[in-house]
Amino acid sequence: HTGGFGEQTCTECHLGTALNGGPGRVTITGMPSAYVGGTVYPITVRVEDPNQRRWGFELSARTQAGAQAGTLSPSNNQTQLLATFNRIQYISHTPAGTRQGTTGGVNFVFNWTAPDASAGPVVMHAAGNAANGNGSENGDRIYTTSVTITPQQVLPAPSVADGATVNNGSFALHPAPLGPGSIAAIFGSNLNDGTPVCTSSFGTDGKLITSLCGTSVTFNGIAAPLFFTSPGQLAVQVPYEVDTVSAASMVVTVNNQASVPRTVFIDRAAPGIFTLSQDGKGSGIVLIANSDILAQATGSVAGRNTRPARRGEIVTIFLTGLGITSPALGTG
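Computed from a prediction, not measured in an experiment: that's the story for all the values here. (Residues numbered from 1 in each chain as written. Predicted model: local features only at pLDDT ≥ 70, side-chain atom pairs only at ≥ 80, totals over all residues. Heavy atoms only, no water.)

Draft legend 1. Broad picture of the state of the cysteines. A complete count under the given rule lists one disulfide for this structure. There is no disulfide at Cys10, and the cysteine sulfur nearest it, in Cys13, is 8.5 Å away. (Disulfide = S-S within 2.5 Å.)

In structure tokens form, the structure reads like this:
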């Protein structure tokens, strides 16, 4: 009697206002935005009506084709499973759960174990009885609702090719080392949750966060701060804590799926100058000090103010991997 898939509701016996005609309602909460197969979720059905004082409900969880979806189970003495009908489970109140004399409304809490994602979207239908507590079927109010929960999309495991972790400034090919605290570029596939580009932010400790759009990266098990993630490329900061080793095992994890570990070599100083083409080739990003003027041939870069640097003039060079030991951005 949930009102779903052509079923009757509690109005078959309980008489009062028309279905959903009173000032109350029934709600279903506790469902995830997307379920993970085999996960147990505490579900709450709330029945409320400002004028009533005894309570009941019935709920089912089915696929869009009408088959049983997952498993329902009581979590306290206020709910119980009814007899299975047409292979469908129904969960409802117990006598203790009706809470005679309680005004306003009550919650019914139970567990739902989600099915495998192959079941597809799951529909929960619930009917709630806001009764007046006079011991008869007269004067009760029935409310119905439903919610649909989709399965969490299962993405392929992240993949990083051997040698595809490089200095983000020079892009020097493996086995060129990385410096502790330097910025590294990691190339591969399925490197985040599918978001085209996720840019990072700083945590409450003032340091870059280490989890972004489902992605985390470790070097020898140490979490690496993240600059950005995309499905095909990551920019990370090599943890300062690897400054005592000559090689580290790098792993990318996306939504609890880990890549094959890849070995990267470490050197306390492994500098790389950032380039205008952002691929380690061509002109470096070098500015005349205290200006935005690129130290390049005049007019050589469209849309930028450029001129050659003069002998003895101070310039600012953008690079990474100098082996500086102050962890301003990192986790050390």
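Draft legend 2. View of the nonpolar core. If you look at the biggest cluster of nonpolar residues, it comprises 26 residues, and the most contacted ones within it are Val45, Leu59, Trp112 and Met124. Contributing elements (two or more residues each) for this core: strand 1 (25-29), strand 3 (40-49), strand 4 (54-63), strand 8 (104-113), strand 9 (122-131) and strand 10 (141-151). In this structure, Leu191, Cys198, Val238 and Ile266 belong to the second largest nonpolar core, which totals 22 residues. (Core = buried A, V, L, I, M, F, W, Y, C linked by side-chain atoms within 4.5 Å. Buried < 20%, exposed > 50% of the residue type's maximum accessible area, 1.4 Å probe, protein only. Helix = DSSP H or I, 4+ residues; strand = E, 2+ residues; numbered from the N terminus.)

Draft legend 3. Layout of the environment of Gly272. Looking at where Gly272 falls in the secondary structure, it is placed in strand 21 (residues 272-273). On the basis of relative accessible area, Gly272 is assigned to the buried category, the value being 3%. The sequence separation of Gly272 and Thr2 amounts to 270 residues, and the corresponding C-alpha distance is 65 Å. Sequence-distant contacts of Gly272, defined by excluding residues within four places in its chain, comprise Asn167, Gly169, Ser170, Phe318, Leu319 and Thr320. (Contact = heavy atoms within 4.5 Å.)

Draft legend 4. Quick look at the pairing of strand 10. Sheet topology places strand 2 (residues 34-35) next to strand 10; two bridges connect them, and they run parallel. Pairing of Tyr35 across the sheet is with Pro151, part of strand 10. Note: strand 9 against strand 10, nine bridges, orientation antiparallel. Opposite Met124, over in strand 10, you have Val147 as the bridge partner. (Pairing = 2+ DSSP bridges.)

Draft legend 5. Broad picture of the sheet that holds strand 7 (residues 91-93). In space, the six strands of this open sheet follow the order 2-10-9-4-7-6, with mixed pairing throughout. Looking at strand neighbours, the two that pair on one side only are strand 2 and strand 6 (79-81), the edges of this open sheet.

Draft legend 6. Up close: a nonpolar patch on the surface. On the surface, Ile273, Val315, Ile317, Leu319 and Leu322 cluster together into a nonpolar patch covering about 380 Å² of accessible area. With respect to the secondary-structure elements, Leu319 resides in strand 26 (residues 319-320). (Patch = residues over 30% accessible without salt bridge, like charges linked within 9 Å, V, L, I, M, F, W, Y side chains within 5 Å. Areas by Shrake-Rupley, 256 points an atom, 1.4 Å probe, with all protein chains shown as cover. Salt bridge = Lys/Arg side-chain N within 4 Å of Asp/Glu carboxyl O.)

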